[in-house]
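Letter by letter, the chains look like this.
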Amino acid sequence: MLPVLRMALGLVASCSAVLVLAQSAAISSDVELPSIASNFDTESEYVAGWGQGKIPPSAAPDVVGAFRFLCSPGHLSYDDPIVYPGEPGRSHLHQFFGNTLADAHSTYESLRKSGDSTCNNRLNRSAYWMPAMMNGRGKVVKPHHFNVYYKRLPDSSPECAGRDGEPEQKCVAIPRGLRFIFGHDMLNKSGEKTGNGYFKCKGPTAKPGRFPDIVTAAQNCPPGNQLGALIRAPDCWDGRNLDSADHRSHVAYKKYGNDGKARCPESHPYIIAAFTLSAWYETDETLDRSGTWDPDNPSWHLSSDYMPGMKPSKPGSTFHTDWFGAWDDEALALWTEHCINKMLNCSGGELGNGKRLKPTMGYKNDGKKRIFDPPPDPGLHHHGHENQANMTMESDGRS
């Protein structure tokens, strides 16, 4: 009887949270995908904030609310459900985190209905992936951890009120089914590199700085420190599409105007919670710290830097990330309404209401093995990464 009661209460809470989400987000029902309820007892995935039900502090003087959490690395795969949907093995090797069952056949529906998550728990079944880090000796270096934080202006901010033909409410919750790619454009090498990706080092003897590639960062990362890859997701959305032919055009970044304020472009008027991702790798003797890159004798590099049949790229120069949203509606509504709209500084999966996401499969600093053999390469790569501008979008939101 108790599990049934808890499930019923969970459904009531979910409906309430979805109502809050609907009130704060002016998203047309014919744009975002239909709601798919979690197929488990959602209440069991929440715990009291740090054991005491504490409310996070204000984010002031920052003018945005923040929602942060850590993730463990997940599986390795040559799949890319955004660029090559339904074509397993077509991509370079990816390091996945988040949904544990993400693969080439993943859709919003499949992500919502299956898989656990390496980011706290399955309330966040979103899939995140980036090129795998290789050590130059044929091995994969798995990250020690991923740090993810979402930020957005609260609904009450004057910047969220539309004017001059803009939507009445510009700040919206992340729409169901949204997906995108940011960073180096593997489909169009001459395209804009988005996300301000960079590398840095942290640790007891790390040298501070933002470095453009792994070669430069390695010089400033003595043994005993961690090498980081950091990049920022888009914060503007066109309000019409959940994906686009190049998987980028439906989202954009704020740009500073003559008045010194950052605003979304007119073509992408909606402000969404943008996340910054940082992946941290424990370094060892295989990391060349000379500052000189020899393409014929690779040290650490991303899998997308050395593509079969293509000229090698400077290590780290092809850094990019993919994201396919699949949040539980209630959890998304909670951190949007409390952490974001109340402008709180939520960390560790706190939801801003005295609860936090229970860490189950999520980040655990338990000293697990970090060096792995890559999975067998099926050899099906699209070596040229030809432009797919005319690719046909599937009916689950690729339009």
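**Things to note about the overall build of the chain**
So, step 1. The secondary structure content of the chain amounts to 4 helices and 22 strands.
So, step 2. Across the 399 residues in the chain, those meeting the buried criterion constitute 55%.
So, step 3. When the accessible surface of the chain is split by element, carbon and sulfur atoms take 54% of a total near 16800 Å².

**Some words on the sheet that holds strand S16 (residues 270-271)**
So, step 1. An order of S13-S12-S16 is seen for the 3 strands of this open sheet, with the pairing classed as antiparallel. The open sheet is flanked by strand S13 (251-252) and S16, the only strands paired with a single partner.

**So, the packing of aromatic side chains**
So, step 1. Overall, the coordinates contain 21 aromatic pairs when judged by the stated rule.
So, step 2. The interplanar angle of 15° and the centroid separation of 5.0 Å between the aromatic rings of Phe97 and Tyr128 together place this pair among those described as stacked. Pair noted here: Phe97 is in strand S4 (residues 94-98) and Tyr128 is in strand S5 (residues 127-131), with a separation of 31 residues, a long-range link.
So, step 3. Overall, Phe97 belongs to the buried group, its relative accessible area being 0%.
So, step 4. With relative accessibility at 1%, the residue Tyr128 sits in the buried group.
So, step 5. Connected via pairs of aromatic rings, a cluster forms that spans Phe67, Phe69, Phe97, Tyr128, Phe146, Tyr150, Phe180, Phe182, Phe275, Trp323, Trp327 and Trp335.
So, step 6. When the ring centre of Phe372 is taken as origin, the NZ or CZ atom of Lys142, which lies over that ring, is 4.8 Å away.
So, step 7. Directly above the aromatic system of Tyr198 lies the positively charged group of Arg210, at a separation of 3.8 Å from the ring centroid.

**Thoughts on the sheet that holds strand S18 (residues 301-302)**
So, step 1. An order of S18-S6-S7-S22 is seen for the 4 strands of this open sheet, with the pairing classed as antiparallel. Here the strands that pair on one side only, and so sit at the sheet edges, are S18 and strand S22 (371-372).
So, step 2. Pairing geometry for strand S7 (residues 140-141) and S22, over 2 bridges, is antiparallel. Counted as the bridge partner of Val140 is Phe372 from S22.

**Quick look at the environment of Ala252**
So, step 1. Within the secondary structure layout, Ala252 lies in strand S13.
So, step 2. The class of Ala252 is buried, set by a relative accessible area of 13%.
So, step 3. Sequence-wise, Ala252 and Pro234 are 18 residues apart; in three dimensions their C-alpha atoms are separated by 5.3 Å.
So, step 4. Beyond its immediate sequence surroundings of up to four residues, Ala252 is in contact with Pro234, Asp235, Cys236, Pro265 and His268.

**Digging into helix H4 (residues 329-340)**
Residues spaced three or four apart along an α-helix face the same direction, because each turn holds 3.6 residues.
So, step 1. End to end, H4 covers 15 Å across 12 residues, agreeing with the expected 16 Å (1.5 Å per residue, within 8%).
So, step 2. When you tally the buried positions in H4, you get 11 out of 12 residues, the bulk of the element.
So, step 3. By the burial criterion, the buried members of H4 are Asp329, Glu330, Ala331, Leu332, Ala333, Leu334, Trp335, Thr336, His338, Cys339 and Ile340.
So, step 4. Measuring from the side-chain oxygen of the N-cap residue of H4 to the backbone nitrogen of Glu330 gives 3.0 Å; that N-cap residue is Asp328.

**Some details on the pairing of strand S11 (residues 226-232)**
A regular strand carries its side chains on alternate faces of the sheet.
So, step 1. Burial of S11 is extensive: 6 of the 7 residues sit out of reach of the surface.
So, step 2. Bridge count between strand S10 (residues 198-202) and S11: 5 bridges; the pairing is antiparallel. Bridge assignment links Lys200 to a residue of S11, and that residue is Gly228.
So, step 3. Taken together, the 7 bridges between S11 and strand S17 (residues 274-282) define a ladder with antiparallel strand orientation.

So, how was this worked out
- Residues numbered from 1 in each chain as written.
- Predicted model: local features only at pLDDT ≥ 70, side-chain atom pairs only at ≥ 80, totals over all residues.
- Heavy atoms only, no water.
- Helix = DSSP H or I, 4+ residues; strand = E, 2+ residues; numbered from the N terminus.
- Buried < 20%, exposed > 50% of the residue type's maximum accessible area, 1.4 Å probe, protein only.
- Areas by Shrake-Rupley, 256 points an atom, 1.4 Å probe, with all protein chains shown as cover.
- Pairing = 2+ DSSP bridges.
- Phe/Tyr/Trp six-rings, centres within 6.5 Å; stacked < 30°, edge-to-face > 60°.
- Lys NZ or Arg CZ within 6 Å of the ring centre and 35° of its normal.
- Contact = heavy atoms within 4.5 Å.
- Expected span 1.5 Å × (residues − 1).
- Polar contact = N/O pair within 3.5 Å; in protein donor to acceptor, adjacent residues only side chain to side chain.

Purely geometric numbers; function is a separate question.
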